[in-house]
Amino acid sequence: HIGGLKMSKSLKNFISIREALEMCSTRQIRLLFLLQSWHGKMNYSDDSITETRAKEHGLTEFFLLINALNRKYNSEACVSSTPYLPSNQNDAELNQKIMARQLA
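Residues numbered from 1 in each chain as written. Predicted model: local features only at pLDDT ≥ 70, side-chain atom pairs only at ≥ 80, totals over all residues. Heavy atoms only, no water.

### Quick look at the environment of Ile 15
- Within the secondary structure, Ile 15 is located in the segment before helix 1 (17-23).
- Along the chain, Ile 15 and Tyr 44 lie 29 residues apart, while their C-alpha atoms are 9.4 Å from each other. (Helix = DSSP H or I, 4+ residues; strand = E, 2+ residues; numbered from the N terminus.)

### Regarding the nonpolar core
- Core analysis: the biggest nonpolar cluster contains six residues, these being Ala 20, Cys 24, Ile 29, Leu 32, Tyr 44 and Ile 49.
- Every residue in contact with Ala 20, bar those within four places of it in the chain, is listed here: Ile 15, Ile 29 and Tyr 44. (Core = buried A, V, L, I, M, F, W, Y, C linked by side-chain atoms within 4.5 Å. Buried < 20%, exposed > 50% of the residue type's maximum accessible area, 1.4 Å probe, protein only. Contact = heavy atoms within 4.5 Å.)

### Some points on the side chain of Ser 48
- If you trace the backbone, Ser 48 turns up in helix 3 (residues 46-73).
- By relative accessible area, Ser 48 is classed as buried at 8%.
- Among residues more than four places away in sequence, those in contact with Ser 48 are Leu 32 and Asn 43.

In C-alpha coordinates:
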(Lines give C-alpha, C1' and ligand atoms only; values in the text may rest on other atoms or scores of the structure.)
Protein backbone atom coordinates (compact mmCIF):
# COMPACT_ATOMS: atom_id res chain seq x y z
CA HIS A 1 0.00 0.00 0.00
CA ILE A 2 1.10 3.53 -0.70
CA GLY A 3 -0.43 6.16 1.52
CA GLY A 4 -3.10 3.66 2.62
CA LEU A 5 -4.18 2.85 -0.95
CA LYS A 6 -3.42 -0.29 -2.89
CA MET A 7 -0.49 0.30 -5.25
CA SER A 8 -1.83 0.45 -8.77
CA LYS A 9 -0.87 1.97 -12.11
CA SER A 10 -4.48 2.99 -12.66
CA LEU A 11 -4.43 4.99 -9.40
CA LYS A 12 -1.07 6.46 -10.49
CA ASN A 13 0.52 5.62 -7.17
CA PHE A 14 2.84 2.95 -8.53
CA ILE A 15 6.53 3.09 -7.50
CA SER A 16 9.05 1.05 -9.45
CA ILE A 17 12.11 -0.49 -7.85
CA ARG A 18 14.29 2.05 -9.69
CA GLU A 19 12.27 4.93 -8.25
CA ALA A 20 12.44 3.44 -4.77
CA LEU A 21 16.23 3.09 -5.08
CA GLU A 22 16.48 6.76 -6.06
CA MET A 23 14.73 7.70 -2.82
CA CYS A 24 16.25 5.10 -0.49
CA SER A 25 19.32 2.94 -0.16
CA THR A 26 19.11 -0.82 -0.62
CA ARG A 27 19.66 -1.24 3.11
CA GLN A 28 16.73 1.05 3.87
CA ILE A 29 14.45 -0.88 1.53
CA ARG A 30 15.48 -4.15 3.18
CA LEU A 31 14.79 -2.65 6.62
CA LEU A 32 11.43 -1.38 5.39
CA PHE A 33 10.47 -4.94 4.49
CA LEU A 34 11.83 -6.26 7.80
CA LEU A 35 9.78 -3.74 9.78
CA GLN A 36 6.54 -5.03 8.26
CA SER A 37 4.56 -7.96 9.53
CA TRP A 38 5.14 -11.07 7.43
CA HIS A 39 1.42 -11.69 7.03
CA GLY A 40 0.19 -8.12 6.82
CA LYS A 41 0.12 -5.50 4.14
CA MET A 42 3.17 -3.34 3.61
CA ASN A 43 2.50 0.39 3.80
CA TYR A 44 4.98 2.44 1.77
CA SER A 45 4.74 6.10 2.79
CA ASP A 46 6.93 9.04 3.73
CA ASP A 47 6.36 8.18 7.40
CA SER A 48 7.49 4.57 6.93
CA ILE A 49 10.61 5.75 5.05
CA THR A 50 11.37 8.24 7.84
CA GLU A 51 10.93 5.49 10.44
CA THR A 52 13.17 3.17 8.43
CA ARG A 53 15.90 5.83 8.19
CA ALA A 54 15.70 6.37 11.95
CA LYS A 55 15.99 2.61 12.59
CA GLU A 56 18.95 2.40 10.19
CA HIS A 57 20.66 5.28 11.99
CA GLY A 58 20.06 3.60 15.36
CA LEU A 59 21.45 0.28 14.13
CA THR A 60 24.49 1.98 12.58
CA GLU A 61 25.22 3.85 15.80
CA PHE A 62 24.80 0.66 17.82
CA PHE A 63 27.28 -1.30 15.71
CA LEU A 64 29.76 1.61 15.67
CA LEU A 65 29.60 1.64 19.47
CA ILE A 66 30.08 -2.13 19.65
CA ASN A 67 33.11 -1.89 17.36
CA ALA A 68 34.60 0.94 19.44
CA LEU A 69 34.07 -0.98 22.69
CA ASN A 70 35.52 -4.10 21.11
CA ARG A 71 38.65 -2.21 20.05
CA LYS A 72 38.94 -0.62 23.50
CA TYR A 73 38.52 -3.73 25.63
CA ASN A 74 39.69 -6.46 23.25
CA SER A 75 42.78 -4.90 21.75
CA GLU A 76 44.39 -8.27 21.08
CA ALA A 77 45.41 -8.38 17.44
CA CYS A 78 43.50 -10.87 15.36
CA VAL A 79 43.29 -11.61 11.67
CA SER A 80 39.54 -12.18 11.60
CA SER A 81 36.47 -11.84 13.79
CA THR A 82 36.45 -15.55 14.58
CA PRO A 83 39.05 -17.17 16.84
CA TYR A 84 41.90 -18.94 15.09
CA LEU A 85 42.22 -22.68 15.77
CA PRO A 86 45.38 -24.20 14.28
CA SER A 87 45.09 -27.67 12.83
CA ASN A 88 48.68 -28.67 13.70
CA GLN A 89 51.95 -27.32 15.12
CA ASN A 90 53.24 -26.10 11.74
CA ASP A 91 50.01 -24.20 11.18
CA ALA A 92 50.26 -22.57 14.62
CA GLU A 93 53.89 -21.52 14.02
CA LEU A 94 53.03 -20.04 10.61
CA ASN A 95 50.15 -18.09 12.14
CA GLN A 96 52.45 -16.70 14.86
CA LYS A 97 54.91 -15.54 12.21
CA ILE A 98 52.16 -13.87 10.20
CA MET A 99 50.77 -12.11 13.29
CA ALA A 100 54.28 -10.93 14.26
CA ARG A 101 54.78 -9.42 10.77
CA GLN A 102 51.41 -7.71 10.88
CA LEU A 103 52.20 -6.12 14.24
CA ALA A 104 55.67 -4.98 13.11
